[in-house]
Amino acid sequence: MPAHDLVVVANRLPVDAHLREDGSVEWEPSPGGLVTAMESVMRNVDSGAWVGWAGSPGEAPDPFEADGMQLYPVMLSAEDVARYYEGFSNATLWPLYHDVIADPEFHRTWWDAYREVNERFAKAAAAVAAPGATVWVHDYQLQLVPSLLRDARPDLRIGFFDHIPFPPFELFAQLPKRNQVLRGLLGADLIGFQRERDALNFLTSVRQLLGYTHHQHEITVPGIGSAPARVVTAKAFPISIDSHAVGEMAEDPEIQEAARTLRHELGDPRKVVVGVDRLDYTKGIRHRLKAWGELLNDGAIDPDEVLMVQVATPSRERVDAYRQLRDEVELTVGRINGDFASIGRPAISYLHRSLDRRAMTALYQAADVVLVTALRDGMNLVAKEYVASRPDELGVLVLSEFAGAADELRAAILVNPHDIDELKTAILRALAMPEEEQRAAMQSLRRQVLDNDVQGWAHAFLGELESAGRAQDVPT
Ligand code: ADQ
């Protein structure tokens, strides 16, 4: 039986399947921030593993190795994908945890699937963790895993990190099965959140709904039967990016040349304003387009001089709210271009696709202004990537105060994206900002992002996990 000292459990494995010409499957790493963070941590453990779904429904592939990590695929049937993933995770929890920007939908069959899939993940993790190992569970799809895992393997040290916001008590209280979710999470020794506010929301829900007391960030979970009382810590660990790698890419002359070429291909506008998001209703793309359309309409922006580029990654396309959003965004972009573009020169250049990391860095360098107008966002890594991509210390970040990143990136132009007038003013201010002022703000933003990278985040979480949850410390 395999035995790993550190096991990461996440909905997705850090690889994507690519079909070779002969029909066989090849796995390619999909290096997101989490993978990068784990690489530096895995270097310090004898053996690391990752448990997750390989991305397509049906039978799971056999375990395999990638980048010095053993990967253990978990099976999801087409029905699991519909109920656990698209249903309970993305049509119930996601909108509820993001301030009900879209209406959460709830079906008991979705909850049943969520529980069953969480059991499957917990079982898979329990089977590969060495005695006394550390298991780090990620995100809202797997909130029941910590307690299921603790029941099966009380010897483990269990951490959980929530990548999305944790809602205020008044909203969380709407969730059917809310107490099961809280108890699921409380199986962990350490629960990490993006913002201090998320941790406080969680502590309030635990107090109000379960009646458990807490002292600052430490919750006392009463023992059941012969099991002793436990201490669970809930606090903020703001996630970041691989700032060094992004910074290095940004210094690459080829990328700098690509940024210049890009501006030229865009018609050498005086200013380029960029938005980069997953096509998600939480990202405030509609608000951004509304503000942009009004600025053009008011004559405050000249479409011959200023161009907006919106790159939207396709996302969750089988969930209704996402289909609707795509239609609305594309209708609005079409209208704005119909009214303000000239032949061969759009007012908004819109791409519905993903760009690779190098193309993204070039785009950030070509951007005079980046708009992050999320209505609610756990952190928002685009804001941090933009800053890390600007060693020239130029460019302006307009950042929603509803993104977790706003807690750290105070030198951005902070906005309430619900206030379209305020958003318009912020965009105009960003476009008019003198270089000296841009530099002062960008220096401060860069210090924050370069000093606090994703490796630091992972080490801080795992460091705290090492000393968390010692049952003997709890007075009985
Ligand atoms: P997301 O909601 O996916 O993540 P975000 O933090 O912005 O949001 O991360 C998106 C990532 O995808 C970034 O690295 C970005 O560069 C990339 N990306 C977006 N559009 C792209 C495109 N068109 N082409 C290529 N890449 C693109 C969730 C939470 C966030 C939290 C992260 C990490 O919702 O709040 O910051 O997890 O915890």
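Everything in this summary refers to the structure shown in the same document. (Residues numbered from 1 in each chain as written. Predicted model: local features only at pLDDT ≥ 70, side-chain atom pairs only at ≥ 80, totals over all residues.)

### Considering the environment of Leu156
Then, in step 1: When you line up the elements, Leu156 lands in the loop between helix H4 (145–152) and strand E8 (157–161).
Then, in step 2: You can call Leu156 buried: it has 22 C-beta atoms within 10 Å.
Then, in step 3: Each C-alpha atom of the pair Leu156 and Ala126 lies 8.9 Å from the other, and the pair is 30 residues apart in sequence.
Then, in step 4: Apart from residues no more than four positions distant in its own chain, Leu156 is found in contact with Ala129, Ala133, Val135 and Leu149. (Helix = DSSP H or I, 4+ residues; strand = E, 2+ residues; numbered from the N terminus. Buried ≥ 20, exposed ≤ 12 C-beta atoms within 10 Å, placed from the backbone. Contact = placed C-beta atoms within 7 Å.)

### Points about the site of the ligand
Then, in step 1: Lining the immediate surroundings of the ligand are 18 residues, of which His163, Thr313, Gly378, Met379 and Leu381 lie closest.
Then, in step 2: Elements supplying a minimum of two residues to the shell around the ligand: strand E13 (271–278), strand E14 (306–313) and helix H13 (381–388). (Near = placed C-beta within 6 Å.)

### Focus: the sheet that holds strand E5 (residues 64–66)
To summarise the sheet geometry, strands pair through backbone hydrogen bonds and adopt either a parallel or an antiparallel arrangement.
Then, in step 1: Spatially, E5-E6-E4-E1-E7-E8-E9-E12-E11-E10 is the arrangement adopted by the 10 strands of the open sheet, whose pairing is mixed. The outermost strands of the open sheet, each flanked by one partner alone, are E5 and strand E10 (214–215).
Then, in step 2: Relative to strand E7 (residues 129–138), strand E1 (residues 4–12) is paired through 5 bridges, and the arrangement is parallel. Bridging from a neighbouring strand, Val7 pairs with Val135 of E7.
Then, in step 3: On top of the sheet, helix H16 (residues 454–467) reaches E7, E8 and strand E9 (190–193); it is set at about 140° to E8, its chief contact. (Pairing = 2+ DSSP bridges. Axes fitted to C-alpha atoms, helices over the stretch in contact; angles between N-to-C directions.)

### Let's talk about the packing of H13 against helix H15 (residues 435–451)
Then, in step 1: Look at H13 against H15: their axes get within 9 Å of each other, and the N-to-C directions meet at 110°. Classed by the angle they form, the pair H13 and H15 counts as roughly perpendicular. Helix-helix and strand crossings are classified by hand; for H13 and H15 the assignment is left-handed. Along the contact surface, H13 presents Lys384, Val387 and Ala388, while H15 presents Met442, Leu445, Arg446, Val449 and Leu450.
Then, in step 2: Tallied by class, residues from the contact of H13 with H15 come to 6 nonpolar, no polar and 2 charged. (Parallel < 35°, antiparallel > 145°, perpendicular 65-115°, else oblique. Left-handed = near helix turned anticlockwise from the far one by under 90°. Nonpolar A, V, L, I, M, F, W, Y, C, P; charged D, E, K, R; others polar.)

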